[in-house]
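Read off the chains here:
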Amino acid sequence: MTMPHQNFPRLERTGNHTRLIVEDRPFLCVGGELHNSSASNRNYMSPIWDKLVKAGINTVIAPVSWEQVEPVEGHLDFSIVDGLLEDARSAGVRLVMIWFGAFKNASSTYAPSWVRADRQRFPRADRGTKPLKTPFSYPGSMPRPSLSVFSDNLFEADRTAYAALLKHVALIDPDHTVIMIQVENEVGLLGAGRDHSAVAEATWNAPLPQELITAVSEDPDSFARGFVQALGTNPDRTMSWGDHFGDDNPLAEETFMAWGFASFVGGLAAAGKEVLPLPAYANAWIGPQRGQELAGQYPSGGPTAGMLPVWRTAAPAIDFLAPDIYVPNTAEVMRQYASDSNPLFIPEARFRAGDAFLAIGGFGGFGYSVFGVEEGREGNQFSTVCNIITCLTPEIVDAQRDGRIFGFALEQDEESFSNGLVGTTITVRNSRKLLEGMLLDAGVRVPPAPELAEETVAATHGPTPGDVRPFGMVLAINPAEFIVVGQGAQVDFHKPGCDVELDSVRELVVTDAGLREGRFINGDERLEILSDKHITAVRVRLLITAS
């Protein structure tokens, strides 16, 4: 039964735009995910909260593990959850809680010992006779346990613990410090296209789910073409996966695993919403990607871009699917996940300030989170991004709804980027390259670009450097007034049939009370509206006259 709380955090749709509502106001999640083990000890976290607050973080994504809250079957201990919520509430930040249950990064290391030890009751996944080489493995390494997602016993045990967790959160969190739930983490099967265990084989040899056949027949264009072609136009609804696809169809195997994992995760989400109706999502280890071209080299059955329609069909209780982005082609990945039916939220990513503006300004996202947020260096770029986005949240979310905003990040081979807002064409360019060209024409050499400090001490893949791309966000207030935020970019405005010039450029400064007006920017300094030394924000007014 739902607890008698009011004003639950929720997703609200207006036209094609979806926003997150917290305390009846639009909310943009800017912050980060803690390292996997940080939240497991309250003393370890104690000095971190103040650091996060000073960094401008408004949301922390924090794991809660099944092994820690139910070390003995039926004996639940939520003391770590109590401390986590109390400390987050004291710090004034919101929590997105991750349930590290049966599956985390395509393995089962967070399942309790009593689950992993009982292989009869909780069978392991079987990768068959020709397992694939997987990332983050090496000869002689100890095995990582992978439970079979097709085990009913596993589902019942995981669901019971997850529902108990949310029931406890509902009791101790009347003010909704917790605003969303991530159910499991980067699920899927590594090492094979599909599970060959006895329980998985029984499902493979059973008829295809009727809901899947119906969904494919109603919207075939949204599913992978190869799967639709193999299924046929009028499939026999009594035939099994094996009958339809045989034993050597990688796409069918991945779809089979996607149905299994989506049903498992979606079942947990549905049970949780019965006691605490918070938005719930699942995150993806994306694939295919370089070096991980085959399902099984990346987690087979996870909510990858190609499996999104399978997940939406099998897991209606999951509100959206979210990519974890560690690849360089970030805009491409965001484009795959941002749609009318799937709002964009990035739960894990590198410390890359420009990508936060891309996600929120370019793809209408309502959150961007870096991984290992507690290791960000003081004064890093992303902290500035968090402060500015938080200050501009009311303007941003309305501009997202109305299509009055875009984000940009110019890669090394890009000289410019143009977009249209409120009848005006706006072009952003690499300001340093422009300045170098203009000064060289005058016989002046530009001094070397300033070196940016590292963003982190030691993120997942080592220290992260600052983002040297020209990046930012442009937001139209009205046809003659814009807010421009970012670094290293020059911005030009053009309107057909009109002469357009800068009327005024006013610096916006982040203060404890929000953005406040600072200097008037004029003269030579207008050649670089957005500094290449640090992230800046300005309010631009245009003088528009008929040409």
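Residues numbered from 1 in each chain as written. Predicted model: local features only at pLDDT ≥ 70, side-chain atom pairs only at ≥ 80, totals over all residues. Heavy atoms only, no water.

1. Concerning the side chain of glutamine 490
Working step 1: Looking at where glutamine 490 falls in the secondary structure, it is placed in strand E16 (residues 489-494).
Working step 2: Among the polar contacts made by the side chain of glutamine 490, one reaches the main-chain carbonyl oxygen of arginine 526 at a distance of 3.3 Å.
Working step 3: Separated by 3.2 Å, the side chain of glutamine 490 and the backbone nitrogen of isoleucine 529 make a polar contact.
Working step 4: Once you skip the residues sitting within four places of it in the chain, glutamine 490 turns out to touch Thr427, Val428, Arg429, Ser431, Leu434, Arg526, Leu527, Glu528 and Ile529. (Helix = DSSP H or I, 4+ residues; strand = E, 2+ residues; numbered from the N terminus. Polar contact = N/O pair within 3.5 Å; in protein donor to acceptor, adjacent residues only side chain to side chain. Contact = heavy atoms within 4.5 Å.)

2. Regarding the packing of helix H4 (residues 79-91) against helix H6 (residues 152-172)
Working step 1: Taken N-terminus to C-terminus, the directions of H4 and H6 make an angle of 40°; their axes are 11 Å apart at the nearest point. Judged by the angle between their axes, H4 and H6 are oblique. Classified by chirality, the crossing of H6 by H4 is right-handed. Together, Val81, Asp82, Leu85 and Arg89 of H4 and Leu165, His168, Val169 and Ile172 of H6 make up the contact between the two elements.
Working step 2: Tallied by class, the residues present in the contact of H4 with H6 amount to five nonpolar, one polar and two charged. (Axes fitted to C-alpha atoms, helices over the stretch in contact; angles between N-to-C directions. Parallel < 35°, antiparallel > 145°, perpendicular 65-115°, else oblique. Left-handed = near helix turned anticlockwise from the far one by under 90°. Nonpolar A, V, L, I, M, F, W, Y, C, P; charged D, E, K, R; others polar.)

3. A short note on the pairing of strand E17 (residues 498-511)
Working step 1: Relative to strand E19 (residues 536-546), E17 is paired through ten bridges, and the arrangement is antiparallel. Note on E19: the bridge partner recorded for aspartate 499 is threonine 545.
Working step 2: Bridge analysis of E17 against strand E18 (residues 514-520) gives five bridges, and the strand direction is antiparallel. Residue arginine 506 lies in a different strand from E18, and its bridge partner there is phenylalanine 520.
Working step 3: Counting the residues that bridge the hairpin from E17 to E18 gives two residues. (Pairing = 2+ DSSP bridges.)

4. Section: the pattern of salt bridges
Working step 1: In the structure shown here, the tally under the stated rule is 29 salt bridges.
Working step 2: Residue aspartate 24 pairs with arginine 10 through a salt bridge whose shortest N-O separation is 3.3 Å. Taken together, the residues aspartate 24 in the loop between strand E2 (17-22) and strand E3 (25-27) and arginine 10 in strand E1 (residues 10-14) connect sequence positions 14 residues apart.
Working step 3: Overall, aspartate 24 belongs to the partly exposed group, its relative accessible area being 46%.
Working step 4: For arginine 10, a relative accessible area of 32% gives the class partly exposed.
Working step 5: When the shortest N-O distance is used, the salt bridge between aspartate 319 and lysine 273 registers 2.7 Å. In this pair, aspartate 319 sits in the loop between helix H12 (308-314) and strand E9 (320-324) while lysine 273 sits in helix H11 (residues 250-275), placing the two residues 46 residues apart along the sequence.
Working step 6: Members of the salt-bridge network, linked through shared partners, are Arg19, Asp398, Arg401, Asp402 and Arg404. (Salt bridge = Lys/Arg side-chain N within 4 Å of Asp/Glu carboxyl O. Buried < 20%, exposed > 50% of the residue type's maximum accessible area, 1.4 Å probe, protein only.)

5. Details of the state of the cysteines
Working step 1: Inspection of the entire model under this criterion finds zero disulfides.
Working step 2: Cysteine cysteine 386 shares no disulfide, and the gap to the nearest cysteine sulfur, in cysteine 29, comes to 11 Å. (Disulfide = S-S within 2.5 Å.)

6. With respect to the packing of aromatic side chains
Working step 1: A complete count under the given rule lists 25 aromatic pairs for this structure.
Working step 2: Geometrically, the ring pair formed by tryptophan 99 and tyrosine 162 is tilted, given 6.1 Å between the ring centres and 50° between the ring planes. Of this pair, tryptophan 99 sits in strand E6 (residues 94-104) while tyrosine 162 sits in helix H6, and the two are 63 residues apart along the sequence.
Working step 3: Both rings, one in phenylalanine 103 and one in phenylalanine 264, keep their centres 5.4 Å apart while their planes meet at 80°; by these two values the pair is edge-to-face. Here the residue phenylalanine 103 occupies a position in strand E6, and phenylalanine 264 occupies one in helix H11, the gap between them amounting to 161 residues. For the pair formed by phenylalanine 103 and phenylalanine 264, the shared burial category is buried.
Working step 4: Put simply, the rings of Phe150, Trp204, Phe227, Trp241, Phe245 and Phe256 touch in pairs and so form one group of aromatic residues.
Working step 5: Between arginine 194 and the ring centre of tryptophan 204, over which it is positioned, the NZ or CZ distance is 4.0 Å. (Phe/Tyr/Trp six-rings, centres within 6.5 Å; stacked < 30°, edge-to-face > 60°. Lys NZ or Arg CZ within 6 Å of the ring centre and 35° of its normal.)

Scope: geometric values only; no functional claims are made or implied.
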